[in-house]
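A structural walkthrough
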Amino acid sequence: MSSESGKQLPENDSAGLNFDTELTLGLPGKSRSTTSDGGAKLGTKRGFLETVDLKLGDKDCVKSDDDVQEAAKSPVSKAQVVGWPPVRAYRKNAMKSCKYVKVAVDGAPYLRKVDLEMYNSYQQLLSSLEDMFSCFTIRNYLNEKKIVDQVNGIEYVPTYEDKDGDWMLVGDVPWQMFVESCKRLRLMKSTEAIGLGEDLNL
Amino acid sequence: MESSKLKREKDSQISDELNELRMESSELKKARDSPISDESYRRSSFPDEVLERVISLLNSHRDRSSVSLVCKDWYNMERWSRTHVFIGNCYSVSPEIVAQRFPKIRSVTLKGKPRFSDFNLVPQNWGADVHAWLVVFAAKYPFLEELRLKRMTISDASLEFLASSFPNFKALSLLSCDGFSTNGLAAIATHCKNLTELDIHENDIDDKGGGWLSCFPESFTSLEVLNFANVTSDINFDALERLTGRCKSMRVLKVNRSISLEQLQRLLANAPHLTELGTGSFSQELTPHQYEDLESVFNNCKNIHTLSGLWEVKGLYLPALYPVSTHLTFLNLSYAVLQSDELAKLLVHCPQLRRLWVLDTVDDKGLEAVGSNCPLLEELRVFPADPFDEEIVHGVTEAGFVAVSYGCPRLHYVLYFCRQMTNAAVTTVVQNCPNFTHFRLCIMTPGQPDYLTNEPMDEAFGAVVKTCRKLRRLSVSGYLTDLTFEHIGRYAKNLETLSVAFAGSSDWGMQCVLAGCPKLRKLEIRDCPFGNAALLSGLEKYESMRSLWMSACNVTMNGCRLLAREMPRLNVEVMKEEGSDDDGRADKVYVYRSIAGRRRDAPSSVLTL
């Protein structure tokens, strides 16, 4: 979870690691140590499949520690231990920053809400939106984040309003940064989304 | 907590009267036996009615238990006058036995699962379902008014049954329970016409939406206590506003985080007599005018002594609380992520504080502020904001603990999660605060020694038990040898509850505790090198205890079988891990005394020996 700040960003994008924070998956709601500015200002878009190099391993790595029962001095790694420290499950869940955002779809008469903390990637989020507004399918091309209404063929582009009130294209920034700054989502008709992002292939 | 203190004083007053009565009663007996005229006998006779009256004033269930042991008459008088029954382990007795002994019960407190179920150590379907109890109560206690459950399973069907079976039902409190959804709450709201208390606290609820709150009928006005802080989905605010508006006797209101500051202000405007308040989210962007409104509404709430909630708190808005903070005695900031300076600023305005719960985001500096500003503090709980993140550097240390102890000599209850501790610090703390009754220290890395000296933390806990003679509850942590347990056995003569994890060197440690602590009632142990010898050394002890839990220790199935065979009035339950063999280690053992025999609702993963 530590951010390796101050690292220079590699120019090439091959590994998809366009940011200087080594993003790892922790428990939801974790307060991230401050990420450097580099991520947000990059501006280069990434396709979903490249966004985050998910490092699922760290938390679950079994560290090689001595068995406590052999009266070893080195303590057991917390990551291995069930139910320790003794913090109630309820309290763990309550400390999650409840990141519910409204989702609006142009032309639909109702709003839905999603908890962004429930997802770990744009892929998961959009799949879930697909389930919710089930008449759409998500076109899953690299560099294209379009949602198409099967019935009337209208294309929708997922956008979001960030903390500053600006409307941005979903997918531009690293996932966690998106979660922290997203206030609401809107599936905008493609035709209206012109100007949100130059690279958007409409 | 004040009212329970008053109760205790009242009880001890009554106990004294009772003692006098006892003496008089025995003198009376002597008088009866000696040749005295009828007249003088009548003058000095002690009518049963008076005795009944005195006994009926007893509230403490322990006093009542003592009373019932004096003689048969007293036993009967006690059982007929008891209106509240407390059952610490729902499997220690059956509902039929309870109903037979106590015909006039109006209030029941029931506790179910072992405490370690809070930390996911107990399988999901373990038991402690309340339904069988409700069925008996419906038949025997149709006028039941109160039900308080802790760590029990209660289904929606049971809640519906409850709501429709007891026309006088007044108070429902669910703490750390599971098995129900908001539909069950809807049933309570809909059918309990006389409800005064609905306290839904830290449960595992299947949250299906906030519609349940709208189920209180418009004609319903009796609610005095409403705590739905833990039921997270949005409720209909208009319904809540109308509810609080028409329930003129409401004194406790704890809302969930969906309630904004502006909405809170509207609720409080209608409920200035609240004594306990749990706010919703404390982070809405407020205009200056809205902020003023908030401040002034708090200014009108002169009776609030307990404050909680404060989710997503914005330090900027805390000053709105200052009018209320001057008479606060209990401040629960355990869901409020505050930094040290924010806490410090707030505490300047909380001189009357007796109980404080905080997150460790306040750091040692925040705790210094506690020590400086809260001289009357009796209870401190410091919870970890990020307990599972090994890379977090912040949190509280021994310095904060010591700082509090210097400023708060009346401290008697502490729960302290930290990442480092020293023997010297703990020793200093208990020297400053010798009146601890509850000392729960959790050094979060298992088996961690004194970080300065690298010694075991034996000396620390030794100091605790030697200095704090009134100690009733102790949780130990860090790297501990058998010496800690020798100390506990030798000095902790009032100890009732002991929690041990990743500690000890051999069976001897546990044996010391079992042999040395006469008042021990609950012993819970995990990941310690205690085996069969230790387990079996407590053979005679366990019947005087409520329960024993041992998990990930060195106890084997054979050891457990031997215990079960020797002590038929104990239930010895072993929770089997999947795929484990029968003769090997007994991974999770739960032993408890029972007059109800082995339970019949154990799932297949639980083996009663």
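Structural data are supplied above this passage.
Residues numbered from 1 in each chain as written. Chains lettered and ligands numbered in written order. Predicted model: local features only at pLDDT ≥ 70, side-chain atom pairs only at ≥ 80, totals over all residues. Heavy atoms only, no water.

Looking at unusual backbone geometry
- In the segment running from Trp84(A) into Pro85(A), the intervening peptide bond is cis, with an omega of -5 degrees.
- With respect to the helices and strands, the residue Pro85(A) is situated in the loop between α2 (57-60) and α3 (89-94).
- At Asn120(B), a position not held by glycine, the phi torsion is positive, near 65 degrees.
- Take Asn120(B): it is sitting in the loop between β2 (107-111) and α7 (131-140).
- With a relative accessible area of 47%, Asn120(B) lands in the partly exposed category.
- Located in the positive-phi region is Glu202(B), a residue other than glycine, with phi close to 55 degrees. (Helix = DSSP H or I, 4+ residues; strand = E, 2+ residues; numbered from the N terminus. Buried < 20%, exposed > 50% of the residue type's maximum accessible area, 1.4 Å probe, protein only.)

Looking at the environment of Tyr491(B)
Residue and element names in this part refer to chain B.
- Within the fold, Tyr491 resides in helix α19 (residues 482-491).
- A relative accessible area of 22% means that Tyr491 is categorised as partly exposed.
- For Tyr491 and Gly209, which are 282 residues apart along the polypeptide, the C-alpha to C-alpha distance reads 52 Å.
- Those residues in contact with Tyr491, other than ones at most four positions away along the chain, are Val465, Lys466 and Arg469. (Contact = heavy atoms within 4.5 Å.)

Quick notes on the pairing of strand β13 (residues 355-359) of chain B
Residues and elements named next belong to chain B.
- Among the five residues of β13, five are classified as buried, and the element is accordingly described as predominantly covered.
- Pairing geometry for strand β12 (residues 330-332) and β13, over three bridges, is parallel. By the bridge assignment for β13, Asn332 is matched with Trp357.
- The parallel pair β12 and β13 is bridged by helix α14 (residues 340-347), and the resulting crossover is right-handed.
- Looking at chain direction, β13 and strand β14 (residues 379-383) are connected through five bridges and run parallel. What sits directly across from Trp357, in β14, is Arg381.
- Between the parallel elements β13 and β14, the chain passes through helix α15 (residues 363-373) in a crossover that is right-handed. (Pairing = 2+ DSSP bridges. Right-handed = clockwise from strand over helix to strand, strands pointing away.)

Comments concerning the packing of aromatic side chains
- One pass over the structure, following the stated rule, counts 26 aromatic pairs over all chains.
- A centroid spacing of 6.5 Å and a plane angle of 45 degrees characterise the contact between Phe166(B) and Phe169(B), whose relative ring orientation is tilted. For the pair formed by Phe166(B) and Phe169(B), the shared burial category is buried.
- Taken together, the aromatic side chains of Tyr91(B), Phe116(B), Phe119(B), Trp126(B), Trp549(B), Tyr590(B) and Tyr592(B) make up a single cluster linked through ring pairs.
- Lying across the ring of Phe383(B), Arg91(A) places its NZ or CZ 3.7 Å from the centre.
- Above the face of the Tyr91(B) ring, Arg599(B) is positioned so that its terminal group lies 4.5 Å from the ring centre. (Phe/Tyr/Trp six-rings, centres within 6.5 Å; stacked < 30°, edge-to-face > 60°. Lys NZ or Arg CZ within 6 Å of the ring centre and 35° of its normal.)

Topic: the side chain of Glu202(B)
- Position of Glu202(B) among the secondary structure elements: in the loop between β6 (197-201) and β7 (204-206).
- Under the relative-accessibility criterion, Glu202(B) is labelled buried at 11%.
- Side-chain polar atoms of Glu202(B) contact the side chain of Arg88(A), separated by 2.3 Å.
- Excluding anything up to four places from it in sequence, Glu202(B) contacts Arg88(A), Tyr90(A), Arg91(A), Leu175(B), Ser176(B), Cys177(B), Asn230(B) and Tyr335(B). (Polar contact = N/O pair within 3.5 Å; in protein donor to acceptor, adjacent residues only side chain to side chain.)

Quick notes on the packing of α19(B) against helix α20 (residues 507-516) of chain B
Residues and elements named next belong to chain B.
- Two elements in contact, α19 and α20, have axes separated by 8 Å at closest approach and are oriented at 5 degrees. Between α19 and α20, the angle is such that the two are roughly parallel. Residues Asp482, Phe485, Glu486, Ile488 and Gly489 of α19 form the contact with α20, whose own contacting residues are Trp508, Gly509, Cys512, Val513 and Gly516. (Axes fitted to C-alpha atoms, helices over the stretch in contact; angles between N-to-C directions. Parallel < 35°, antiparallel > 145°, perpendicular 65-115°, else oblique.)

What about the nonpolar core?
- Ranked by size, the top nonpolar core spans 178 residues in total, and within it Phe439(B), Leu474(B) and Ile488(B) carry the most contacts.
- It is helix α18 (residues 458-467) of chain B that provides the largest number of residues to this core, a total of five residues.
- Discounting chain neighbours no more than four positions away, the residues touching Ile488(B) are Val465(B), Leu474(B), Val476(B), Leu495(B), Leu498(B), Val513(B) and Cys517(B).
- Of all hydrophobic cores here, the second largest spans 21 residues; its members include Val114(A), Leu116(A), Tyr119(A) and Leu129(A). (Core = buried A, V, L, I, M, F, W, Y, C linked by side-chain atoms within 4.5 Å.)

Looking at helix α4 (residues 61-68) of chain B
All names here are of chain B.
- Of all the residues in α4, the buried ones are Arg64, Val67 and Ser68. Each buried residue of α4 lies within a common arc of 95 degrees when the element is viewed along its axis, so the set occupies one face.
- Capping of α4 at its N-terminal end is provided by Ser60; its side-chain oxygen lies 3.2 Å from the backbone amide nitrogen of Arg62. (Arc of directions from axis to C-beta.)

A few points about α19(B)
- Along α19(B), the positions that sit buried rather than exposed are Asp482(B), Thr484(B), Phe485(B), His487(B), Ile488(B) and Gly489(B).
- Close packing links the buried residues of α19(B) with α18, β17 (473-475), β18 (497-501) and α20 of chain B.

Quick look at a negative patch on the surface
All names here are of chain B.
- Negative charge collects at one region of the surface, where Asp48, Glu49, Glu52 and Asp73 lie side by side.
- Per-element accounting of the negative patch gives the leading share, three residues, to helix α3 (residues 48-56).
- Here Asp73 lies in helix α5 (residues 72-81).
- Residue classification places Asp73 among the exposed positions, given a relative accessible area of 54%. (Patch = residues over 30% accessible without salt bridge, like charges linked within 9 Å, V, L, I, M, F, W, Y side chains within 5 Å. Areas by Shrake-Rupley, 256 points an atom, 1.4 Å probe, with all protein chains shown as cover. Salt bridge = Lys/Arg side-chain N within 4 Å of Asp/Glu carboxyl O. Lys, Arg positive; Asp, Glu negative; His and termini not counted. Charge placed at Lys NZ, Arg CZ, Asp CG, Glu CD.)

With respect to the pattern of salt bridges
Residue and element names in this part refer to chain B.
- Taken as a whole and assessed by the stated rule, the structure comprises 31 salt bridges over all chains.
- Between Asp178 and Lys113 there is a salt bridge, with its nearest N and O atoms 3.0 Å apart. Here Asp178 is found in strand β5 (residues 178-181), whereas its partner Lys113 is found in the loop between β2 and α7, with 65 residues between them in sequence.
- When its relative accessible area of 11% is taken as the criterion, Asp178 is described as buried.
- A residue is classified by how much of its surface remains accessible, and Lys113, at 11% relative accessible area, is buried.
- The shortest N-O distance in the salt bridge between Arg381 and Glu379 comes to 2.7 Å. Here Arg381 matches Glu379 in class, with each residue buried.

All quantities given are derived from atomic positions and should not be read as evidence of function.
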